[in-house]
Amino acid sequence: MKKLLALILAALLGIPACAFADTVVASFFPVRLLAEKLLRGCDDIVLTSLSDPQTGCLHDYTLTSGDLRKLTDADLFLINGAGMESFLEMVFDAFPSLPVADASEGIDLLPSESGETPMNAHVWLDPLQALQMCRNMAESLKAVFPDRAAVIEDNLALTAEELTSLDAELREGLSSLARRDIITFHEAFPYFARRYDLTVDAVIALEPDEALSAGTLAALMKQVVQLDYPPLFTEPQYPSLAAQVIHQETGAPVYELDPCVTPSEDSADIHYYEEIMRKNLAVLQEALGYTATERH
Ligand SMILES: [Zn+2]
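Draft legend 1. Summary view of the overall build of the protein chain. When helices and strands are counted, the protein chain shows 10 helices and 8 strands. Counting over 296 residues, the protein chain shows a buried share of 35%. For the protein chain, the share of sequence-separated contacts (at least 6 apart) that also reach a separation of at least 24 residues comes to 63%.

Draft legend 2. Seen up close, the sheet that holds strand β8 (residues 254-256). Strand order in the open sheet formed by 4 strands is β6-β5-β7-β8, with parallel pairing between adjacent strands. Bordering the open sheet on either side are β6 (199-203) and β8, each of which pairs with just one other strand. Pairs of neighbouring strands in the sheet enclose a mean axial angle of 35°, with direction left out of account. In the sheet, strand β7 (residues 232-234) pairs with β8 via 3 bridges, with the strands oriented parallel. What sits directly across from F233, in β8, is Y255. Contacts from helix α9 (residues 241-250) reach β7 and β8 within the one sheet, and its direction differs from that of β7 by about 155°.

Draft legend 3. Examining the sheet that holds strand β1 (residues 22-26) more closely. Pairing is parallel in the open sheet, where 4 strands are placed in the order β2-β1-β3-β4. At either end of the open sheet lies a strand with only one pairing partner, and these are β2 (45-49) and β4 (100-102). Across the sheet, the axes of successive neighbouring strands diverge by a mean angle of 20°, strand direction being ignored. Two strands pair when backbone bridges link them, and β1 and strand β3 (residues 76-79) are joined in this way by 3 bridges, in the parallel orientation. Paired with V24 across the bridge in β3 is L76.

Draft legend 4. Spotlight on the nonpolar core. L34, A35, L38, L78, C134 and M137 are the most contacted members of the largest nonpolar core, which totals 68 residues. Take this core: its biggest share by element is 7 residues, from helix α5 (residues 127-144). There are two domains that each give this core at least three residues, and those are domain 1 (2-110 + 132-155) and domain 2 (172-288). The contact partners of M137, leaving out residues within four places of it in the chain, are L34, A35, L38, L78, A101 and A103.

Draft legend 5. The arrangement of the pairing of β6 in detail. With 4 bridges joining them, strand β5 (residues 181-184) and β6 adopt parallel strand pairing. The residue of β6 that forms the bridge with D181 is T199. For the crossover from β5 across helix α7 (residues 190-196) to β6, the handedness is right-handed.

Draft legend 6. Local environment of the environment of V123. The residue V123 is located in the loop between β4 and α5 in this model. Assessed through the 24 C-beta atoms surrounding it within 10 Å, V123 is described here as buried. Along the backbone, V123 and A82 are 41 residues apart, and their C-alpha atoms lie at a distance of 8.0 Å. Setting aside anything within four residues of it in sequence, one finds V123 in contact with N80, A82, S104, I107, Q129, M133 and Y191.

Reading guide: rules and limits
Residues numbered from 1 in each chain as written. Predicted model: local features only at pLDDT ≥ 70, side-chain atom pairs only at ≥ 80, totals over all residues. Helix = DSSP H or I, 4+ residues; strand = E, 2+ residues; numbered from the N terminus. Buried ≥ 20, exposed ≤ 12 C-beta atoms within 10 Å, placed from the backbone. Contact = placed C-beta atoms within 7 Å. Pairing = 2+ DSSP bridges. Axes fitted to C-alpha atoms, helices over the stretch in contact; angles between N-to-C directions. Core = buried A, V, L, I, M, F, W, Y, C linked by C-beta atoms within 7 Å. Domains from an automatic or database assignment. Right-handed = clockwise from strand over helix to strand, strands pointing away.

Here is the structure:
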């Protein structure tokens, strides 16, 4: 009804009707990426990301006035939840009647080791949890756009097939490794590790945007030696200097894992999430099938 009145008003005032198009705002890139799967064929629904897609994780993120402006046109706000959006109170205050879908509802959350949030918010890196996120978002999308419910339901079924087959592929691909422990750049992979029975020995930076102290670096190097040189994983969104230093000092190998928080040129592809996860699978197989020979 609100939309209809807006459209009539727009026609009377000569405002382009697209200003009142059905609009869904996702808080950040991974949520938008998964929501895109649910909105296949719904070209009349505008899906945007609140933060600039290149922002990556929303650790310590401060809302801009431009971000808030995007929410004025929104019919639904999709959030990751689990503490990723630390600015939520501000959104609730500014838009008390905006429907908000918490994608991580019902997911068994792990505690965070950083002081930032009590729970670890990187839920989307477990494909079956990503599917749960899609289920949650589909419910809200159907409630807000009941005329598109059948399409959204079909898209959810397709997404379920894609993500369960990805899960099977990862499970199979990671079933027999020479070792199962990793050191990651930030706290992004505990859910992935829980799903595929890997151990995150340590993270290089608990607060990913802060520089490492010499003491932290020294402690990490000691740990790397004690743990028999587990592979280190940098992330394309963050500098790899600390990992390179640890590598030079200890000989532990360095690889790159992508937490799928920023788009690349081919991210318009609806299968971008699966592509990134398959790339991570290949990297993990290479890194963990490895037998340490080059040691200092
Ligand atoms: Zn993060």
